[in-house]
Amino acid sequence: MFIAVPVIPNIGANVKWIQNGTTIAGGNGAGTGLNQLNNPWCIYIDDDQTVYVADYTNHRIVEWKNGVTSGKIVAGGNGAGNQANQLNNPTAVIVDKETDSLIIADSVNARVVRWPRQNGNTGEIIISGVSCYGGLAMDGYDYLYVTDFNKHEVKRWKIGDENGIVVAGGNGSGNRLDQLNNPCHIFVDQDHSVYVCDSNNHRVVKWMEGSKEGIVVAGGQGAGSNLTQLYGPFGVVVDQLGTVYVADLSNHRVTRWSKGATQGVVIAGGNGSGSNQNQFNGCIHLAFDQKNNLYVCNNNNHRVQRFNIDPNSV
């Protein structure tokens, strides 16, 4: 049975993060070594700060334990392909603790696979025919949420069913509130509202359960670098206060949007494209651990960074 309760961060409104990040995965240039990543696309943080990385161009999922200098391949890693032991540009990974398995968006193969987390050599196809370029989430009721980049929609699937139910978009590409334009990563809250990074509309949109259109909760003012704008947002997390955290890809920054806010606040990056500890080059995904430290998947720098809580802000 597929059951996993979504983890909703509990982050105080005044919390800040130290501006220099620590590289905790990759950071040794693009490559296939176990101490390297190549265009990492998505991260999942486990309870013990273990990081699972969708290592896009290496066609593998890599597990990095806290404090180690190299990772361990836990899925794929056998070249690009569509065999049961292969992945082709994985774009998302989450952990299903009920079955101790990884759920992986295998983008070029247009499928979602389940892979045993311990000593797994092959994956099992659980959804096919979906172009998921990032965008997997789960709730506590046996449902998996999957974005379809090309169909401009998000569907909710019950594992084993042949067809999912559209819960966001599904009305073609466009910028109306009932439409999406190349949706990427998503987040599902405790009320089953789906927050969608609507990348080519440069906004994050909240779709409440059963609604026919979304509500813009970040951006929506066209592509740009003003604090009212986003530029190709790719990753999103929402905390218990309803604050929205956005991986603002082409602005190379992470911004925080308080509930109801019309502009965001930069909490990491925002110092131009670069490889310094306070810079990103393609800020593609983000996550928090149980201590509310911020993790950022830095695609073109081939690394994952952790930004620790500033103790003076707590």
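Residues numbered from 1 in each chain as written. Predicted model: local features only at pLDDT ≥ 70, side-chain atom pairs only at ≥ 80, totals over all residues. Heavy atoms only, no water.

Visitor: Even after reading the chapter, I still don't get the nonpolar core, so can you show me in this structure?
Guide: For soluble globular proteins, nonpolar side chains are generally found buried alongside one another. Ranked by internal contacts, the top residues of the largest apolar core, which has 48 residues, are Trp-17, Ile-43, Val-204, Val-254 and Leu-294. Counting residues per element, this core draws most heavily on strand 22 (residues 283-288), which supplies five residues. Once residues lying within four places of it in the same chain are set aside, the contact partners of Val-204 are Tyr-195, Val-196, Cys-197, Ile-215, Val-216, Val-217, Ala-218, Leu-230, Val-236, Val-244 and Val-246. Membership of the second largest hydrophobic core comes to 28 residues, among which are Ile-94, Leu-102, Ile-127 and Val-130. (Core = buried A, V, L, I, M, F, W, Y, C linked by side-chain atoms within 4.5 Å. Buried < 20%, exposed > 50% of the residue type's maximum accessible area, 1.4 Å probe, protein only. Helix = DSSP H or I, 4+ residues; strand = E, 2+ residues; numbered from the N terminus. Contact = heavy atoms within 4.5 Å.)

Visitor: What should I look at first to understand the layout of surface pockets in this one?
Guide: Once rolled over the atoms, a probe with the size of a water molecule shows which space is left empty. For the second largest pocket, the calculated volume is near 290 Å³. Along its surface, the second largest pocket is lined by 20 residues, and Tyr-195, Lys-206, Val-238, Gly-242 and Lys-259 are the ones closest to its centre. Considering only residue class, the lining of the second largest pocket consists of nine nonpolar, six polar and five charged. (1 Å grid on protein atoms, 1.4 Å probe; cavity = no way out; pocket = protein on both sides within 12 Å on 5 of 7 lines; lining within 4 Å. Points joined across faces, edges and corners; volume = space filled by probe spheres on them. Nonpolar A, V, L, I, M, F, W, Y, C, P; charged D, E, K, R; others polar.)

Visitor: Looking at this model, I keep getting lost on unusual backbone geometry. Mind explaining?
Guide: Glycine aside, residues mostly have negative phi, and peptide bonds are mostly found in the trans state. For His-192, which is not glycine, the phi dihedral falls at a positive 70°. Within the element layout of this structure, His-192 appears in the loop between strand 14 (183-188) and strand 15 (194-198). Of note, the phi angle at His-252 is positive, near 55°, even though the residue is not glycine. With respect to the helices and strands, the residue His-252 is situated in the loop between strand 19 (244-248) and strand 20 (253-257). The class for His-252 is buried, based on a relative accessible area of 16%.

Visitor: Any chance you could explain the side chain of Asn-299 here in plain terms?
Guide: In this structure, Asn-299 sits in the loop between strand 23 (294-298) and strand 24 (303-307). Side-chain polar atoms of Asn-299 contact the backbone oxygen of Pro-40, separated by 3.1 Å. Excluding residues within four positions of it along the chain, Asn-299 makes contact with Asn-39, Pro-40, Trp-41, Asn-281, Gly-282 and Ile-284. (Polar contact = N/O pair within 3.5 Å; in protein donor to acceptor, adjacent residues only side chain to side chain.)

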